[in-house]
Amino acid sequence: MSVRDEFDAWAADGRDKGMEDRHWHTAKHALARMPVEEGDTVVDLGTGSGYALRALRDTKGIGRGFGLDGSPEMVQNAREYTDTDDLSFLVGDFDDLPFEDDSVDHVWSMEAFYYAADPHHTLEEIARILKPGGTFYCAVNYYEENVHSHEWQDLISIDMTRWSHAEYREAFRDAGLHVAEQDSIADLDIDIPAAAEFPTDDWETREEMVERYRTFGTLLTVGVAP
């Protein structure tokens with residue numbers, strides 16, 4: 001199954017809103033860090049429901065926002081959820097970003113970058129479209145150190161890239177982006193039951209659940225265009 005087919009099905013089932021709810025736990029903290037100024041142009045790769053651009057519009061006053069997704073159904077839903085012409089949503093993939101060189105102030109991606117067919121080329125494309133000093137905020141929960149995420153590949157038909165902290169930094173640098181920041185953002189919002197309630201349907205022990213959400217959380221890597 002292609003990325004498009006997979007996420008068209010998710011959107012048709014309303015799972016885009018479910019992803020938004022789960023991702024918001026850590027996405028809100030990463031978005032708050034972005035050095036976005038009023039009037040800036042932001043591209044959201046793998047936009048899903050478009051929630052990140054709407055949040056940046058409401059909190060930081062971005063001038064233009066473009067949400068790109070490989071799923072036409074996701075894009076249609078994002079348009080329906082959005083009530084302003086300042087945010088646009090388009091169908092596309094990460095291999096050939098439809099933006100001019102040095103035309104974008106910031107790029108954001110939450111839980112989508114690892115779906116890129118050629119992530120090294122995607123980073124080169126991001127570096128190409130960013131203005132000097134522009135940033136790429138890349139947030140992922142699926143990464144090497146997060147051992148609890150490894151099984152996710154078995155649950156989806158799309159090949160995903162599982163890089164480590166170091167591999168993300170190296171790939172950013174190879175694409176010409178300076179690595180300004182990298183850390184893990186803990187999910188402090190999800191409720192973790194008492195130890196007596198384990199095992200659950202998803203977790204054998206409370207310690208494993210705590211490690212997944214409080215220790216590993218979301219890996220954020222920030223690149224800056226020279």
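The structure displayed is predicted, hence computed values, not measured ones. (Residues numbered from 1 in each chain as written. Predicted model: local features only at pLDDT ≥ 70, side-chain atom pairs only at ≥ 80, totals over all residues. Heavy atoms only, no water.)

Chemist: I tried to follow the overall build of the chain on my own but got confused; where do I start?
Modeler: The helix and strand inventory of the chain stands at seven helices and seven strands. Put simply, the chain runs from its N terminus to its C terminus through helices and strands in the order α-α-β-α-β-α-β-β-α-β-α-β-α-β. Projected onto the principal axes, the alpha-carbon positions of the chain cover approximately 55 × 35 × 35 Å. With 226 residues in all, the chain has 51% of them scored as buried. When contacts within the chain are restricted to residue pairs at least 6 apart in sequence, long-range pairs at least 24 apart make up 70% of them. Positive and negative side-chain charges of the chain, numbering 19 and 49 respectively, have mean locations separated by a distance of 4 Å. (Helix = DSSP H or I, 4+ residues; strand = E, 2+ residues; numbered from the N terminus. Buried < 20%, exposed > 50% of the residue type's maximum accessible area, 1.4 Å probe, protein only. Contact = heavy atoms within 4.5 Å. Lys, Arg positive; Asp, Glu negative; His and termini not counted. Charge placed at Lys NZ, Arg CZ, Asp CG, Glu CD.)

Chemist: How should the pattern of salt bridges be read in this particular structure?
Modeler: A side chain with one charge can pair with a side chain of the opposite charge if their charged atoms come near. Within this structure, the stated rule accounts for ten salt bridges. Note that Arg128 is salt-bridged to Glu125, the shortest N-O span being 2.9 Å. Here Arg128 and its partner Glu125 are both found in helix α5 (residues 119-129), three residues apart, which amounts to about one turn of the helix. Overall, Arg128 belongs to the partly exposed group, its relative accessible area being 24%. In this structure, Glu144 and Arg162 form a salt bridge, with 2.9 Å as the shortest nitrogen-oxygen distance. Of this pair, Glu144 sits in the loop between β5 (130-140) and α6 (165-174) while Arg162 sits in the loop between β5 and α6; the two residues are 18 residues apart in sequence, bridging distant segments of the chain. (Salt bridge = Lys/Arg side-chain N within 4 Å of Asp/Glu carboxyl O.)

Chemist: What exactly am I supposed to notice about the UniProt feature "domain: Methyltransferase type" (unreviewed entry) in the chain here?
Modeler: On the UniProt side, "domain: Methyltransferase type" (unreviewed entry) is annotated at positions that read residues 43-138 here. Here residues 43-138 is 32% helix and 31% strand, with 12 Å between the C-alpha atoms at its ends. (UniProt positions renumbered as here; feature names shortened; annotations may be inferred.)

Chemist: Sorry, what's going on with the packing of aromatic side chains here?
Modeler: Following the criterion strictly, the structure yields eleven aromatic pairs and no others. Three or more aromatic residues joined by ring pairs make a cluster, and in this case those are Phe113, Phe136, Trp163, Tyr168 and Phe172. When the ring centre of Tyr213 is taken as origin, the NZ or CZ atom of Arg212, which lies over that ring, is 4.6 Å away. (Phe/Tyr/Trp six-rings, centres within 6.5 Å; stacked < 30°, edge-to-face > 60°. Lys NZ or Arg CZ within 6 Å of the ring centre and 35° of its normal.)

Chemist: Whenever I open this one, α5 confuses me. Can you help?
Modeler: Residues spaced three or four apart along an α-helix face the same direction, because each turn holds 3.6 residues. All of the buried residues along α5 are Pro119, Thr122, Leu123, Glu125, Ile126 and Ile129. Projected down its long axis, α5 carries its buried residues within an arc of 160°, all on one side. Buried residues along α5 sit in contact with β1 (41-45), β4 (104-110), β5 and α6. (Arc of directions from axis to C-beta.)

Chemist: Explain unusual backbone geometry to me, please; I cannot follow it from the model alone.
Modeler: Generally, phi is negative for residues other than glycine and the peptide bonds are trans, each holding for most cases. With omega at 5°, the peptide bond leading from Phe198 into Pro199 counts as cis. The phi dihedral of Asp102 falls on the positive side, at around 50°, and the residue is not glycine. Checked against the element boundaries, Asp102 lands in the loop between β3 (87-91) and β4. Of note, Glu111 is a non-glycine position whose phi angle comes to about 55°, a positive value. With respect to the element layout, Glu111 can be found in the loop between β4 and α5.

Chemist: Would you mind showing me how to read the sheet that holds strand β6 (residues 178-185) here?
Modeler: The seven strands are arranged β3-β2-β1-β4-β5-β7-β6 in an open sheet whose pairing can be described as mixed. In the strand order of this sheet, the two ends are held by β3 and β6, each with one partner. Across the sheet, the mean angle separating the axes of adjacent strands is 15° when strand polarity is ignored. Bridge count between β5 and strand β7 (residues 218-224): six bridges; the pairing is antiparallel. Among the inter-strand pairings, Val140 is bridged to a residue of β7, identified as Leu219. (Pairing = 2+ DSSP bridges. Axes fitted to C-alpha atoms, helices over the stretch in contact; angles between N-to-C directions.)

Chemist: How do you make sense of the pairing of β5 when you look at a structure like this?
Modeler: A regular strand places its side chains so that they alternate between the two faces of the sheet. Burial within β5 is extensive, with eight of its eleven residues counted as buried. Relative to β5, β4 runs parallel, the two being bridged by six bridges. From the neighbouring strand, His106 faces β5, where its bridge partner is Thr135. Crossover β4 to β5 through α5 is right-handed. (Right-handed = clockwise from strand over helix to strand, strands pointing away.)

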